[in-house]
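Breakdown of the fold
Read off the chains here:
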Amino acid sequence: MTDYAIELTGVSKRFGNFTAVSDLTLRVAQGEIFGLLGPNGSGKTTTINMVGGLSQPSSGQVSVLGHDMASDSRSMRRSLGSVPQETALYEELSAEANLRFHADLFDVARHGLEQRMTHLLELVGLQDRRRSRVSTYSGGMKRRLALARALLHDPELLYLDEPTLGVDVQSRRALWDYILDLKQQGKTALITTNYLEEANALCDRIAILDHGKLVAEDTPSNLKRKYGDTVIDLVLEPWPEPELILQLRKLTGVADVTHADGVIKVTVEGEHSVAGEVVTLVTRQSRLVGINQHQPNLEEVFLSLTGRGLRD
Amino acid sequence: MSLDHDLRVIRATAGNDIRVALTDRLFFLTGLIIPFNFLLVFILFAFSGGLAPTAVVMEDNGPLAQQFVATMRNSHSFRIHVTDAARAQREIEAGGIVAVVTIPPRFDSDLQSGRRVELPVMVNNLQTDFTNDIRRAIPLAITNFYAAAYPDQVVVRTREVDVQAHDTDYVPYLAVSVVVAAVLITGILQGAIVAAREYETHTIKELMLSPAPRWALAAGKVIGTLTLNMVAVVLVTLVVVFLVGARPTHPIELIGLALLTMAASVAIGILAGSLLRRRQAAIPLSIGITLPLFFMSGPFGPANWLGPVAGAIAFASPMFYAIEAFQHAFHGYQTAQPSLTADVVVLVGFAVVSVLATSWVLSRVRVDH
C-alpha cells in the first residue's frame, strides 16, 4: 500500500487550445487534509474531477489509493466520497431518499443502514428534516446533506469541491467541524476552496494553483513564512536621525521602511528573520519604547502569488 | 461487484426516476397531452377526410330514387343528409357541405321508360381532394345503382378476392398506428427528459461517481421510464379499444408488443437525452425526428405503398416494425413482408442496442470545467 492517498504526476488537461491544468505534480499523504487554492479558473475543479475519475488527464498519471484512475476508476469509486460543487442532490426527493439511493448505488450493506443514516443525519443536524424535500433546504443544509451522503459508504478518501460555497457562517463552522472530525478518524480529504480562512483552519498542507500551474505547496504556516510579509512597528524615543531609516532599508530581507505618527514600520519579506538586527540597529541610536510584530496572513500570501487582477 | 449489486442498482435507479418524475409536471404533461392530442388529431383527420358532407334534394321520392340514395350512402364516400333545395343552396354557399345532389322530378318514371336522366350535382370545388371524391363517387354510385336495379342489363360484374379475412374500417386501422405513435413518441420523449434532467441538475455526477455498472443504470432508467410511460399508453389504448372500437384480436400479444415497443422507445429516448444533455434540445428534436418517421412508417397503409425511398427509410425505423406488429395484434394480419417474429426481433434489437449504447455513453461521461 502506498503512503500517498493521491499522487498526480505531470498531469495536464487541455480543452482544445486551452490548457486548464499544466504539468501538475502533487502528493497527498494518507490521513492528510489537503487544500487546493486558486482564483476562479485556476484549474482546481478540473484537478479534483481528474482525481474523482470524472475527467481524464490529457497527459500524466493520476493515482488514487495506489490505483491508476485511468484504468481502474470503477473499482476505486467505492473508496471515494465526494461533495461536488453543485451538491448533485435530487432536490425533488427527501434527504432520506437521497441517502437510500446512494446506499444502493454504492452497495452499502442493508443491515445497519437505517442506523448509519440516522447517525449521519444527526451528525450534520438534519435528522429532524430527513423526510423533507431537499428543495426546501437552505444552501448550508444541502451542503451538510451532501457531506453526509459522501460519508454514507465510509470512504477512505473524501474530496470536497468548494464545500462551504454560499453557506452562512454557522453552517460553515459546522462543516469545518465535520471535516476536522474526519481527520480524527484517519480519513484523507482533498478540498478546493476560495476561502483562505477555511484553508488555514482545515488544511495540513495547501497547494496554490494559478492558470493551471502549481505556484506554491506547503503547510499554511510555511507558506506565510515564505511568501508573506512581516511588519515590525517600532516606537522610539527620542525620534532618531533620518540616517537610521536608510540603514534599516539596507538590511537584507527588508522590503520597505516608513514612518508616521511616531512609529517606524519595517516590512520584512518572506522567510527572512531580521527582527534581531532591526532591534540592535535602532537601540544604538535611540531608546526602544515599544515593538509590535504582525505575522502575515494567507490572503497576503495568496495575493502575492496570484496577483490582484480580477478573474472571471 | 456482484449480480446482487447490479440488480439493486437497476431497482434503485428505476425507483428513483419514478419518484423524481412524479414531482415533475412537464413529464406528465408530455406523457399525457401528446398521445391524446395525437389520437384526437388523427381521428378528426380521418373523419373529416374520409366522407364528403353532401346534401341530397329529393324532387322525386319514388322507390328507384330511394334506392339510388341508399346506394350513395353505402358507397363510403358521402356523409349524406336529405334536405330541400333552398336549404341545400344556403349550406353550400356557407361552406358547410361539399356537394348538392338533386334527384330530379320524374326520376323513377324516366328510368322506367328508358329516358336519359340528368342528375344535377353542384360541387364546391374549393380543393381537388374533396372535389375529385365527388367526381369519382357519384358515377360509381350510378353504376352500382344501375347494376342493382337492372341486373339483366349490366352484365359486367367484379369478382372480388380478399387477401385479408375481413375488412377493416379506416379509423380502426389508423387508430392502431396512432397507438404506436403514442407509445413511441412519448417513450422517446420521456426517456430523453429523464436522461437530460440528470445532466441539467448535475445529479449525473452522483451516478458517475458511483461504482454502479453503467449498463445497470441504463437498464434501471429504461424500466423506470417504461413504468411511467405505461400510464399514458394504457389510457390511449383503452380509448382506442372502447371508444374508437378497434378491438384487439390477440390481446396478450398486444400487451407483450406494447411493453416491447415501450422498452425500445424509452431506451432510444434515454440514449438521445444522454447525448443531448438538455431537455430544451431533447424535446423538440425527439418530436422533430419521430413525426416524419411516423408518416413514413405506414400509418395509413403499408409503408411500401409510399414508394421506394420512403419505404427504405421506414425499414430503418422501429415505428415501421411496431405498426406492423400492432396491426397484427389488433386486426390479425400482416401489413407487409416481414413476419411478426421479424418485427419482434427488430424491436428487441432496438431496445438492447439502445441500452448498450447508453451504457457506453454513460461510461464516457466526462465533466469539463
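Residues numbered from 1 in each chain as written. Chains lettered and ligands numbered in written order. Predicted model: local features only at pLDDT ≥ 70, side-chain atom pairs only at ≥ 80, totals over all residues. Heavy atoms only, no water.

1. Some thoughts on the domain arrangement of chain A
As a reminder, the rule being used: For the domain bounds, the source is a domain assignment made automatically or taken from a database.
Taken domain by domain, chain A comprises domain 1 (4–224) and domain 2 (229–295). Computed from C-alpha atoms alone, the centre-to-centre distance between domain 1 of chain A and domain 2 of chain A is 45 Å.

2. Quick word on the packing of aromatic side chains
As a reminder of what qualifies: The aromatic pairing rule takes the rings of Phe, Tyr and Trp, using the six-membered ring of Trp, and pairs them if the centres are within 6.5 Å, calling planes under 30 degrees apart stacked, those over 60 edge-to-face and the rest tilted. Elements are defined by DSSP. Helices are runs of H or I of four residues or more, strands are runs of E of two residues or more, and each kind is numbered from the N terminus. Exposed residues in this analysis have more than 50% of their type's maximum accessible area, buried residues have under 20%, and partly exposed residues fall in between, with area computed by a 1.4 Å probe over protein chains only.
Counted according to the given criterion, the structure contains ten aromatic pairs over all chains. Here Y90 of chain A and F101 of chain A contribute two aromatic rings whose centre-to-centre distance is 5.6 Å and whose plane-to-plane angle is 80°, an arrangement assigned as edge-to-face. Taken together, the residues span a long stretch of sequence, with Y90 of chain A in the loop between strand 6 (80–83) and helix 3 (95–105) and F101 of chain A in helix 3 at a distance of eleven residues. An angle of 85° between the planes, with centres 4.9 Å apart, marks the rings of F320 of chain B and Y321 of chain B as edge-to-face. Comparing F320 of chain B with Y321 of chain B, the two get one shared label, buried.

3. Here we look at the pairing of strand 12 (residues 254–260) of chain A
All names here are of chain A. Our working rule: Between any two strands, pairing holds if DSSP finds at least two bridges.
In the sheet, strand 12 pairs with strand 13 (residues 263–268) via six bridges, with the strands oriented antiparallel. Residue pairing across strands places T258 opposite K265, the latter belonging to strand 13. As consecutive antiparallel partners, strand 12 and strand 13 are separated by two residues, and within that stretch D261 has a phi angle of approximately 50°, a positive value.

4. Describing the domain arrangement of chain B
Often, the extent of an interface is quoted as the loss of accessible area on bringing the components together. Per the domain assignment, the segments making up chain B are domain 1 (3–45 + 167–363) and domain 2 (51–149). Averaged C-alpha coordinates put domain 1 of chain B and domain 2 of chain B at centres separated by 46 Å.

5. A word on unusual backbone geometry
Residues and elements named next belong to chain A. E237 connects to P238 through a cis peptide bond whose omega is -5°. Examined against the element boundaries, P238 turns out to sit in the loop between strand 11 (230–237) and helix 9 (243–250). Here the phi dihedral of L65 falls at roughly 50°; this positive angle occurs in a residue that is not glycine. Looking at the element boundaries, L65 is found in the loop between strand 4 (59–64) and strand 5 (67–68). Although it is not a glycine, D107 adopts a positive phi angle of roughly 55°.

6. Describing the sheet that holds strand 13 of chain A
Residues and elements named next belong to chain A. The cut-off we apply is this: Only the stretch in contact is used when fitting a helix axis, every axis being a line fitted to C-alpha atoms; angles between N-to-C directions are given from 0 to 180 degrees. Any two residues having at least one pair of non-hydrogen atoms within 4.5 Å are treated as being in contact.
The sheet built from four strands is open, its strands ordered 12-13-11-14 with antiparallel pairing. The sheet terminates laterally at strand 12 and strand 14 (287–294), the two strands that pair on one side only. With direction set aside, neighbouring strand axes in the sheet form an average angle of 20°. Along the sheet face, helix 9 touches strand 11, strand 12 and strand 13 and points at about 160° away from the line of strand 12. Most of the contacts of helix 10 (residues 275–285) go to strand 14, to which it runs at about 160°, and overall it touches strand 11, strand 13 and strand 14.

7. A word on the nonpolar core
What counts, and what does not: To form a nonpolar core, buried Ala, Val, Leu, Ile, Met, Phe, Trp, Tyr and Cys residues must be joined to one another through side-chain atoms within 4.5 Å.
In this structure, V64 and L145 of chain A are the most contacted members of the largest nonpolar core, which totals 92 residues. Per element, the largest residue contribution to this core is eight residues, and it comes from helix 5 (residues 139–152) of chain A. Leaving out residues up to four positions away in the same chain, V64 of chain A has contacts with A5, V51, M69, M76, L80 and L157 of chain A. Membership of the second largest hydrophobic core comes to 44 residues, among which are V180, F294, M319 and F326 of chain B.

8. Some words on the interface of chain A and chain B
Operational definition: The term buried area means the drop in 1.4 Å probe accessible area that two parts suffer when joined, counted for both and summed. When a carboxyl oxygen of Asp or Glu lies within 4 Å of a side-chain nitrogen of Lys or Arg, that pair is called a salt bridge.
At the interface, 35 residues of chain A touch 32 residues of chain B. A combined buried area of about 3,300 Å² lies between chain A and chain B, and 55% of that area is made up of carbon and sulfur atoms. By the criterion of area lost to chain B, the three top residues of chain A are L54, R74 and L105 of chain A, representing 22% of everything that side buries. In this structure, the connection of chain A to chain B is made through four salt bridges.

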